[in-house]
Amino acid sequence: SVDDELKDSGSDPSLNAKKRLTFCVEGNISVGKSTFLQRIANETIELRDLVEIVPEPVAKWQDIGPDHFNILDAFYSEPQRYAYTFQNYVFVTRLMQEKESASGVKPLRLMERSVFSDRMVFVRAVHEAKWMSEMEISIYDSWFDPVVSALPGLVPDGFIYLRASPDTCHKRMMLRKRAEEGGVSLKYLQDLHEKHESWLLPFESGDHGVLSVSKPSLHMDNTLHPDIKDRVFYLEGNH
Ligand code: TTP
């Protein structure tokens, strides 16, 4: 009945969440997502009051429990053993991060990455590399959609794609020297780049302007959420 519908919509947290916008910043390893977010956070007092920044929980992956386990390091050292465990933990920490920032009052929330890049870029990559077995990816998929559907806060209003060549990302990665990433190859960054491209810009090819806004549709395989189709914005810096 109409009454029931009203009641339902009243209890739908996604409707309340619509009061403010959430965008997720995506892009290859080392492209500059954190720098981009920090710049926005520090740019002007006006922006600081408007935008809540939610950085990626990398530190949580590097220091777990009283024994200070580092799952990021374990993953890169033994990818076949730890890819599933790591991706599972990445998801859980994102969920915690989302919950922590859910009650914020600033009208715009910018988050570093999302559960969608986890699935569309990294899980794909580790599965293709045979670091995640058929059984493990089936397990991941069996909970991914139901859990995301139950938690509308994980579904952003749009994505901001920071786009640079794999070469540029590789140079930046070498410069920053994050200890765990010593063995990450240019080839791996090229794979991740292709996966970002086919996910976020499936119909695009060739060169783009310095700052472009486009609306390609989101290619998500069987992953749901038609409501975030057509909401990809991409920024290109120096290649
Ligand atoms: P990124 O999420 O790409 O973060 P970054 O610090 O490289 O971003 P930027 O320099 O643009 O600010 O990756 C962090 C590390 O975690 C990187 O080594 C890749 C790894 N990773 C995975 O292996 N699987 C995942 O699902 C995610 C999200 C990251």
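In this text the structure is predicted, and so the values were computed from the model without any measurement.

(A) View of the environment of Tyr161. Within the secondary structure, Tyr161 is located in strand β4 (residues 158–163). For the pair Tyr161 and Glu197, spaced 36 residues apart in the sequence, the C-alpha separation amounts to 9.4 Å. Within the local environment of Tyr161, its side chain forms a polar contact with the side chain of Glu197, the two groups lying 2.6 Å apart.

(B) Main features of the packing of aromatic side chains. Here the structure, examined in full by the defined rule, presents twelve aromatic pairs. Note on Phe75 and Trp131: the rings are 6.1 Å apart at their centroids and 80° apart in plane angle, and the pair reads as edge-to-face. With Phe75 in helix α6 (residues 71–77) and Trp131 in the loop between α8 (115–128) and α9 (134–150), the pair connects residues that are 56 residues apart, well separated along the chain. Taking the relative accessible area as the measure of exposure, Trp131 reaches 23% and is therefore partly exposed. Summarising the aromatic geometry, the rings of Phe91 and Phe144 are spaced 5.8 Å apart at their centres and angled 65° between planes, so their arrangement reads as edge-to-face. With Phe91 in helix α7 (residues 79–101) and Phe144 in helix α9, this pair connects stretches of sequence that are 53 residues apart. By the burial criterion, Phe91 is buried, and Phe144 matches it.

(C) Examining the packing of α8 against helix α11 (residues 186–200) more closely. For the pair α8 and α11, interaxial distance at closest approach is 10 Å and the crossing angle is 135°. As far as their axial angle goes, α11 and α8 are oblique. The hand of the α8/α11 crossing is right-handed. Seen from α8, the contacting residues are Phe116, Ser117, Met120, Val121, Phe122, Arg124, Ala125, Val126 and Glu128; seen from α11, they are Tyr188, Leu192, Lys195, His196, Ser198 and Trp199. A class-by-class count of the residues in the contact of α8 with α11 yields nine nonpolar, three polar and three charged.

(D) The site of the ligand, seen in detail. In the vicinity of the ligand lie 21 residues, with Ser34, Glu56, Tyr76, Arg113 and Glu181 positioned nearest. Within the backbone of Val31, an N or O atom sits 3.3 Å from an oxygen atom of the ligand. Lys33 has a polar backbone atom sitting 2.7 Å from an oxygen atom of the ligand. Relative to its free-state accessible area of 600 Å², the ligand is covered by the protein chains to the extent of 98%. Looking at the shell around the ligand, the elements that each hand over two or more residues are α3 (33–43), α6, α7 and α8.

(E) Highlighting the environment of Ile40. Summarising the element assignment, Ile40 is placed in helix α3. Take Ile40: its relative accessible area is 17%, and that puts it in the buried class. Sequence-wise, Ile40 and Leu110 are 70 residues apart; in three dimensions their C-alpha atoms are separated by 9.5 Å.

(F) View of the pairing of β4. Most of β4 is tucked away: six of the six residues are buried. Residue alternation in β4 divides its side chains into two sets, Gly158, Ile160 and Leu162 and Phe159, Tyr161 and Arg163, and both sets are buried. Here four bridges tie strand β1 (residues 21–26) to β4, and the two strands are oriented parallel to one another. Across the sheet, Phe23 pairs through a bridge with Gly158, a residue of β4.

(G) Up close: the pairing of β1. Most of β1 sits inside the fold, with five of its six residues counted as buried. Two elements, β1 and strand β3 (residues 108–112), share five bridges in a ladder whose sense is parallel. The residue of β3 that forms the bridge with Phe23 is Leu110.

(H) Broad picture of the pattern of salt bridges. Per the stated rule, a full pass over the model turns up 13 salt bridges. Two residues, Glu98 and Arg109, come together in a salt bridge whose shortest N-O distance is 3.1 Å. Of this pair, Glu98 sits in helix α7 while Arg109 sits in strand β3, and the two are eleven residues apart along the sequence. There is no split in this pair, since Glu98 and Arg109 are both buried. Close ionic contact of Lys195 with Glu128 constitutes a salt bridge, the shortest N to O distance being 3.0 Å. Here Lys195, found in helix α11, pairs with Glu128, found in helix α8; they are 67 residues apart in sequence, far enough to count as distant. Through salt bridges with shared partners, one network takes in Glu26, Glu56, Arg94, Arg113 and Asp118.

About the thresholds
Residues numbered from 1 in each chain as written. Predicted model: local features only at pLDDT ≥ 70, side-chain atom pairs only at ≥ 80, totals over all residues. Heavy atoms only, no water. Helix = DSSP H or I, 4+ residues; strand = E, 2+ residues; numbered from the N terminus. Polar contact = N/O pair within 3.5 Å; in protein donor to acceptor, adjacent residues only side chain to side chain. Phe/Tyr/Trp six-rings, centres within 6.5 Å; stacked < 30°, edge-to-face > 60°. Buried < 20%, exposed > 50% of the residue type's maximum accessible area, 1.4 Å probe, protein only. Axes fitted to C-alpha atoms, helices over the stretch in contact; angles between N-to-C directions. Parallel < 35°, antiparallel > 145°, perpendicular 65-115°, else oblique. Left-handed = near helix turned anticlockwise from the far one by under 90°. Contact = heavy atoms within 4.5 Å. Nonpolar A, V, L, I, M, F, W, Y, C, P; charged D, E, K, R; others polar. Near = heavy atom within 4 Å. Areas by Shrake-Rupley, 256 points an atom, 1.4 Å probe, with all protein chains shown as cover. Pairing = 2+ DSSP bridges. Salt bridge = Lys/Arg side-chain N within 4 Å of Asp/Glu carboxyl O.

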